[in-house]
Amino acid sequence: MLSQELKERKLPPLKSREEMKEIMQREVYGYLPDVPFTYSVSEPVVVESRYCSGEVWFSYVFMTINIGEKSHTFRIDRLMHTDGKKRPLIIVNNFHSMENSHYFPREEMSEYDVDFLLFCYKDISTDDGDFSTGLAPMLLPEGQNTASTCGKIGIWAWAAMRVLDYALTLDTTDEKNVVISGHSRLGKTALYTAMTDERFTFAFSNAAGCAGDSIAHGSTGKLNESVSRHEQPRGENISDIVENFPYWFCKNYFKYTKNNQSDDFDQHYLLASIAPRFVLVGSCDQDFWADAESQQLCCLAAAEMWEKHGLDGMDDTEKYLEAGECLLDGRVGFFKIHSKHFFSRHSWKRCIEFIEKHKQ
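The structure presented is a predicted model; accordingly, all values stated were derived computationally and were not measured. (Residues numbered from 1 in each chain as written. Predicted model: local features only at pLDDT ≥ 70, side-chain atom pairs only at ≥ 80, totals over all residues. Heavy atoms only, no water.)

A. View of the packing of helix H2 (residues 17-29) against helix H6 (residues 185-196). Between H2 and H6, whose axes approach to 11 Å, the crossing angle comes to 135 degrees. As far as their axial angle goes, H6 and H2 are oblique. Taken as a pair, H2 and H6 cross one another with a handedness that is left-handed. On H6, the residues touching Arg17, Lys21, Met24, Gln25 and Tyr29 of H2 are Tyr192, Met195 and Thr196. (Axes fitted to C-alpha atoms, helices over the stretch in contact; angles between N-to-C directions. Helix = DSSP H or I, 4+ residues; strand = E, 2+ residues; numbered from the N terminus. Parallel < 35°, antiparallel > 145°, perpendicular 65-115°, else oblique. Left-handed = near helix turned anticlockwise from the far one by under 90°. Contact = heavy atoms within 4.5 Å.)

B. Focus on the environment of histidine 358. Mapping histidine 358 onto the fold places it in helix H11 (residues 345-358). Judged by its relative accessible area of 11%, histidine 358 falls in the buried class. Along the chain, histidine 358 and leucine 328 lie 30 residues apart, while their C-alpha atoms are 9.2 Å from each other. Leave out the neighbours within four places in its chain, and histidine 358 touches Phe202, Phe278, Leu328, Asp329 and Gly330. (Buried < 20%, exposed > 50% of the residue type's maximum accessible area, 1.4 Å probe, protein only.)

C. Region of interest: the environment of phenylalanine 104. When you line up the elements, phenylalanine 104 lands in the loop between strand E5 (87-94) and helix H3 (106-109). The sequence separation of phenylalanine 104 and glutamate 19 amounts to 85 residues, and the corresponding C-alpha distance is 35 Å. Those residues in contact with phenylalanine 104 that sit more than four places away from it in its chain are Leu79, Val92, Met98, Met109, Phe116, Leu118 and Trp348.

D. Molecular detail of the environment of valine 163. Along the chain, valine 163 falls in helix H5 (residues 152-167). Between the C-alpha atoms of valine 163 and isoleucine 337, which are 174 residues apart in sequence, the distance is 29 Å. If sequence neighbours within four positions are ignored, valine 163 has contacts with Met63, Phe74, Ile76, Ile91, Leu117 and Phe119.

E. Up close: the packing of aromatic side chains. All told, the structure shown has 25 aromatic pairs when counted by the stated rule. Aromatic pair phenylalanine 202 and phenylalanine 278: ring centres 4.8 Å apart, planes at 20 degrees, arrangement stacked. One end of the pair, phenylalanine 202, is in strand E8 (residues 202-206); the other, phenylalanine 278, is in strand E9 (residues 278-284), with 76 residues separating them in the sequence. Residue class for phenylalanine 278 comes out buried when judged on its relative accessible area of 3%. Three or more aromatic residues joined by ring pairs form one cluster here, namely Tyr29, Tyr192, Phe245, Tyr247, Trp248, Phe249, Tyr253, Tyr256 and Phe265. When the ring centre of phenylalanine 131 is taken as reference, the NZ or CZ atom of lysine 152 above it lies at 5.0 Å. (Phe/Tyr/Trp six-rings, centres within 6.5 Å; stacked < 30°, edge-to-face > 60°. Lys NZ or Arg CZ within 6 Å of the ring centre and 35° of its normal.)

F. Up close: the nonpolar core. Formed by 118 residues in total, the largest nonpolar core has its most connected members in Ile90, Ile91, Phe116 and Trp348. With 12 residues, the single largest contributor to this core is H5. Leaving out residues up to four positions away in the same chain, isoleucine 91 has contacts with Leu117, Phe119, Ala160, Val163, Leu164, Val178, Val179, Ile180, Ser181 and Phe200. (Core = buried A, V, L, I, M, F, W, Y, C linked by side-chain atoms within 4.5 Å.)

G. Region of interest: the side chain of threonine 201. Following the sequence through the fold, threonine 201 ends up in the loop between H6 and E8. At 2.7 Å, the side chain of threonine 201 forms a polar contact with the backbone oxygen of lysine 176. Among all residues touching threonine 201, those that are not within four sequence positions of it are Glu175, Lys176, Asn177, Val178, Arg277, Phe278 and Gln360. (Polar contact = N/O pair within 3.5 Å; in protein donor to acceptor, adjacent residues only side chain to side chain.)

H. Region of interest: H11. A rise of 1.5 Å per residue sets the reference length of H11, with its 14 residues, at 20 Å; its end C-alpha atoms lie 20 Å apart and thus fit the reference within 8%. Along H11, the residues classified as buried are Ser347, Trp348, Cys351, Ile352, Phe354, Ile355 and His358. For H11, the arc enclosing every buried residue in end-on projection is 160 degrees, short of the 170-degree limit, so these residues lie on one face. (Expected span 1.5 Å × (residues − 1). Arc of directions from axis to C-beta.)

I. Summary view of H6. Counted at 1.5 Å a residue, the expected span for H6 with its 12 residues is 16 Å, and the 17 Å between its end C-alpha atoms agrees. Among the 12 residues in H6, 12 count as buried, and that is most of the element. Among the residues of H6, those classed as buried are Arg185, Leu186, Gly187, Lys188, Thr189, Ala190, Leu191, Tyr192, Thr193, Ala194, Met195 and Thr196.

J. Highlighting the pairing of E5. Counting buried positions along E5 gives 8 out of 8 residues, so the element sits mostly inside the fold. In the sheet, E5 pairs with strand E7 (residues 173-183) via 5 bridges, with the strands oriented parallel. Paired with valine 92 across the two strands is serine 181, which belongs to E7. Both E5 and strand E6 (residues 115-120) contribute to a ladder of 6 bridges, which runs parallel. Opposite valine 92, over in E6, you have leucine 118 as the bridge partner. (Pairing = 2+ DSSP bridges.)

Listed below in structure tokens is the structure:
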């Protein structure tokens, strides 16, 4: 069933990792700025020291990025064990701070054998077309001055890499098992970050959808204006997303709004460019806008790249998953929960399970 569906959607065939990475940068997200920088990090401030009977502390530091004569400071929240043992580390590019986030159940997460660093994406640059906020004017002093200059996704990804720079200075970071994660637009960012920076062993995108972990081919239905965006009974397409969020992408991506797809690439290139490392995609059965079926097909199409490496790509299945089901044994993981567009504790549990299965 699924293999036949992929054939009918007529996806472009996979290319080499470098070719796919080049295409996704040039045509979708833009190139990251290559600028000299320095950074410094403050001493931790402890917010809560009683999680897991005091074995895990919630604290925060401030990171300051210096580029030329300009600087920008943002907060990094830490949920970390105190015993000094090396552990997998998850970097969370999030919509809120750790103490104010309904997307991050910090007490529950403290019970797992992983550590977390979390930052709020709007502390990096605002989620709009203003490129004068936060790090944006430092990284792109001339704005998006070319068709392949990155948008806000690139700026948020660049910041995640700086958080990784800091993480790798910590004695407790297991550098072989570092994860970048995000939900929705930040799921797109997480995948782009992992594609660009091979120091990340795992990428976890939750409900990233169009221009993220969902293929565009076959997702060209018409909107029902009487239904809210996230309850549309079809997947968001390129025209939709560029109309609403043009500043996330490079300007080259606008070329594909007429046909809502490209004959030369689709989002399975983004996932496949992370091979031979690990990718986990989470979906929600009531998140019609992200299109769970196209998410699963994207994973299946990308898995061929792992197989070319002689590795297990994705668990064999010929049916779309039901809510509560998961495919976690291969290097491309996929699961579906019963939910609307949300980053729930159930999604986090699947993430932890995937890491435990595959940590290096």
